[in-house]
Structure formats: C-alpha cells, structure tokens
Amino acid sequence: PWDGSASCGFTTGEPWLPLGEEHGARSVAAQRHDPDSMLMLTRALLELRRREPALSIGDWAPLAVEEHVLVYARTWRDRRFVIALNLRSAPRAVRHEELAGRVELSTRLARVGQRIEGRLDLAGDEAVIVATEGA
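## Some points on the overall build of the protein chain
Okay, so step 1: Counting its secondary structure elements, the protein chain contains two helices and six strands.
Okay, so step 2: The C-alpha radius of gyration of the protein chain comes to 18 Å, more than 25% above the 14 Å expected for a compact globule of 135 residues.
Okay, so step 3: Seen along its three principal axes, the alpha-carbon backbone of the protein chain occupies a region of about 55 × 35 × 25 Å.
Okay, so step 4: Within the protein chain, buried positions represent 35% of all 135 residues.

## A few points about the pattern of salt bridges
Okay, so step 1: Evaluation of the coordinates by the stated rule reveals eight salt bridges.
Okay, so step 2: The salt bridge involving Glu104 is made with Arg102; its shortest N-O contact spans 2.9 Å.
Okay, so step 3: Taking relative accessible area as the criterion, Glu104 reaches 13% and is therefore assigned buried.
Okay, so step 4: With relative accessibility at 35%, the residue Arg102 sits in the partly exposed group.

## Focus: the pairing of strand 3 (residues 79–86)
Okay, so step 1: Counting buried positions along strand 3 gives six out of eight residues, so the element sits mostly inside the fold.
Okay, so step 2: With antiparallel pairing between neighbouring strands as the criterion, strand 2 (residues 69–76) and strand 3 make up a hairpin whose turn holds two residues, including Arg77 at a positive phi of roughly 55 degrees.
Okay, so step 3: Judged from the five bridges that link them, strand 3 and strand 6 (residues 127–132) form a sheet pairing that is antiparallel. Note that in strand 6 the partner of Phe81 across the bridge is Ala131.

## Quick look at the sheet that holds strand 4 (residues 92–106)
Okay, so step 1: An order of 1-2-3-6-4-5 is seen for the six strands of this open sheet, with the pairing classed as antiparallel. Edge positions in the open sheet fall to strand 1 (59–66) and strand 5 (115–122), since each of these has one partner strand only. The average undirected angle you get between the axes of adjacent strands in this sheet is 45 degrees.
Okay, so step 2: Sheet topology places strand 2 next to strand 3; eight bridges connect them, and they run antiparallel.

## What about the pairing of strand 1?
Okay, so step 1: Pairing analysis gives seven bridges linking strand 1 to strand 2, with the strands arranged antiparallel. Bridge pairing in strand 2 links Pro62 to Tyr72.
Okay, so step 2: Between the end of strand 1 and the start of strand 2, which pair antiparallel, lie two residues, with Glu67 showing a positive phi angle near 45 degrees.

## Section: the nonpolar core
Okay, so step 1: Counting residues in each nonpolar core, the largest one holds 13 residues, and the members touching the most others are Val71, Val94, Leu99, Ile116, Leu120, Leu122 and Val128.
Okay, so step 2: Not counting residues up to four positions away in its chain, the partners in contact with Val71 are Pro62, Leu63, Ala64, Val82, Ile83, Ala84 and Val94.
Okay, so step 3: With 10 residues, the next largest nonpolar core counts Leu48, Leu55, Tyr72 and Ala131 among its residues.

## Section: the layout of surface pockets
Okay, so step 1: What the largest pocket holds in volume is close to 270 Å³.
Okay, so step 2: Along the wall of the largest pocket there are 16 residues; nearest its centre are Leu45, Tyr72, Ile83, Ala127 and Ile129.
Okay, so step 3: For the lining of the largest pocket, the secondary structure elements donating two or more residues are helix 2 (38–51), strand 2, strand 3, strand 4 and strand 6.
Okay, so step 4: For the lining of the largest pocket, the element with the most residues is helix 2, which contributes five residues.
Okay, so step 5: Among the residues making up the lining of the largest pocket, the classes are represented as 12 nonpolar, two polar and two charged.

## Let's talk about the environment of Leu105
Okay, so step 1: Tracing the sequence through the fold places Leu105 in strand 4.
Okay, so step 2: Judged by its relative accessible area of 7%, Leu105 falls in the buried class.
Okay, so step 3: Taking the C-alpha atoms as reference, Leu105 lies 18 Å from Trp76; in sequence the two are 29 residues apart.
Okay, so step 4: Those residues in contact with Leu105, other than ones at most four positions away along the chain, are Leu41, Ala44, Leu45, Leu48, Val112, Ala127, Val128 and Ile129.

Parameters at a glance
- Residues numbered from 1 in each chain as written.
- Predicted model: local features only at pLDDT ≥ 70, side-chain atom pairs only at ≥ 80, totals over all residues.
- Heavy atoms only, no water.
- Helix = DSSP H or I, 4+ residues; strand = E, 2+ residues; numbered from the N terminus.
- Rg over C-alpha atoms; globule rule 2.2 N^0.38 Å.
- Buried < 20%, exposed > 50% of the residue type's maximum accessible area, 1.4 Å probe, protein only.
- Salt bridge = Lys/Arg side-chain N within 4 Å of Asp/Glu carboxyl O.
- Pairing = 2+ DSSP bridges.
- Axes fitted to C-alpha atoms, helices over the stretch in contact; angles between N-to-C directions.
- Core = buried A, V, L, I, M, F, W, Y, C linked by side-chain atoms within 4.5 Å.
- Contact = heavy atoms within 4.5 Å.
- 1 Å grid on protein atoms, 1.4 Å probe; cavity = no way out; pocket = protein on both sides within 12 Å on 5 of 7 lines; lining within 4 Å.
- Points joined across faces, edges and corners; volume = space filled by probe spheres on them.
- Nonpolar A, V, L, I, M, F, W, Y, C, P; charged D, E, K, R; others polar.

Here it is as structure tokens:
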C-alpha cells in the first residue's frame, strides 16, 4: 500500500483486492519515516548495488555452508564483499578467514560499520554484507 487511506493510495474507487487490517502501518508513507523498515533496507540495498559493481557484475564464489548459513564472495577488480545469510530463524555463528572487514549492510541496520574478524554472529534470518580488508 502507498498510504494509510481506505484505498491505500491505489484508487479513488473501491479496491478489488482485500486490504489487510495493518495496511496503514505497512504503507510506503509509514515506512518512509522508519529507518528500520523494509522500504529503507530495500533502498539501502539498491543504492549499495548501484555503487559497488562487485555486487552486480562481479565474480561469485561460494565460501561455506554450515548449519543453514550460506557464505559467498562477490569480487570485481579490487573490491571484494563477503555475504553471509542465516537461513534459519535461530541465531548462528559462522567462522571463515575471509570474514574480515566491516559490515557494509545488514538486515539489522544497527550493525553497519561493525568490524568483523573471522567470526560472525548472525541473528535469526539475518543477512550481512561485509566489505573485506582492502575493499
């Protein structure tokens, strides 16, 4: 939904699909002012992808899969990122020598800028993009 109005900002008429009870809280208008919203995360991911060619045209290499955590690298020229995805709702820790650098983006936005040194503690369903040393 675009806004919290009865028609969610889509029409001046009667919407043809049902609108959930919480459509106002999930609207673009509401999420625009919430720095931890899905809208803001999506915008940050798109901006990072546009800024960093490694994330769109770079090489892809798997690094590890352990206990429902997928870790892979994206590289383009001198830029390298390690991406870790916790595919479970329970917290997981992952260790890998290439997990060294700073958190560029995470589904938990408060982690941005955090230093990582070989071990990454992931919350349930968390995804983290780490800019590696020299990146």
